Each structure stands twice: as structure tokens, then as C-alpha cells.
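Observations on chain architecture
Here's the letter readout for the chains.
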Amino acid sequence: GGRGVIGYFDPVAIAMREEHLYWPLVVDLVTLRAEFLPFQPDIDNANNPYIFIRDVFLQRRLYDIFDGNPPETDYEALLEE
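What comes next concerns the included structure. From a predicted model like this one, the values you see are computed outputs, not experimental measurements. (Residues numbered from 1 in each chain as written. Predicted model: local features only at pLDDT ≥ 70, side-chain atom pairs only at ≥ 80, totals over all residues. Heavy atoms only, no water.)

1. Focus: the pattern of salt bridges
Definition in use: Salt-bridge detection follows one rule: a side-chain nitrogen of Lys or Arg within 4 Å of a carboxyl oxygen of Asp or Glu. Exposure classes here rest on a 1.4 Å probe applied to the protein chains alone. A residue is buried below 20% of its type maximum, exposed above 50%, and partly exposed in between.
Within this structure, the stated rule accounts for two salt bridges. The partner of Asp55 in a salt bridge is Arg54, with the nearest N and O atoms 3.4 Å apart. We classify Asp55 as partly exposed; its relative accessible area is 31%. Looking at Arg54, the relative accessible area reads 34%, which means it is partly exposed. Put simply, Arg60 and Asp64 hold a salt bridge, and the shortest N to O gap is 3.2 Å.

Structure representation (C-alpha cells):
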């Protein structure tokens, strides 16, 4: 989607691009990793950790987009073709 535009205006990207400062990126990555620490046992037990993290991210994004009230998935419509 619009990640390129958002990334362009991200303060970390600006610091890297214009000031050649990389410590904000390191801090950003360490913070992101720390957010996943409580879920490490779930990640370790997942059949595919990448898919698990991706699905959690997408579910959280949908939750945030709809202010905590995402629409119900219509599984019947998915089966029809």
C-alpha cells in the first residue's frame, strides 16, 4: 500500500536519509523486538513463525482500522464461487 510514502516521512527514515544517523533505527528495531518478547513461547510453538507474526500483525491492523470493532468474516461468502 502506502508504506513508501509513510516510510519517507518517518522520523527514523529522515534521520537516516538526511543526517546519516543510524542509532534511531537501532533503537526502533530493539523496541520492536522487545514488543515481541511476551509472545516468544507462542512464536516458538508456531508451525510457521513468519505466518504467525504476519497474521497477528494483520489482525491488529484490522482491529486498529475499525477502532476495535472489526467486521465479522463472512465465511459462507468465501466458500461460494
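So much for the structure itself; the text now carries on.
2. Thoughts on a nonpolar patch on the surface
Heads up, the condition is: Patch members must show over 30% relative accessible area and no salt bridge, and they are joined within 9 Å when carrying like charges or within 5 Å when they are nonpolar side chains of Val, Leu, Ile, Met, Phe, Trp or Tyr. Each accessible area is a Shrake-Rupley estimate made with a 1.4 Å probe; only the visible protein chains count as cover when residues are assessed. Under the DSSP-based scheme used, a helix requires at least four consecutive residues in state H or I and a strand at least two consecutive residues in state E, with every element numbered from the N terminus.
A cluster of nonpolar side chains, Leu21, Trp23 and Val27, forms an exposed patch at the surface whose accessible area comes to about 310 Å². By the element assignment, Leu21 lies in the loop between helix H2 (11-19) and helix H3 (23-36).

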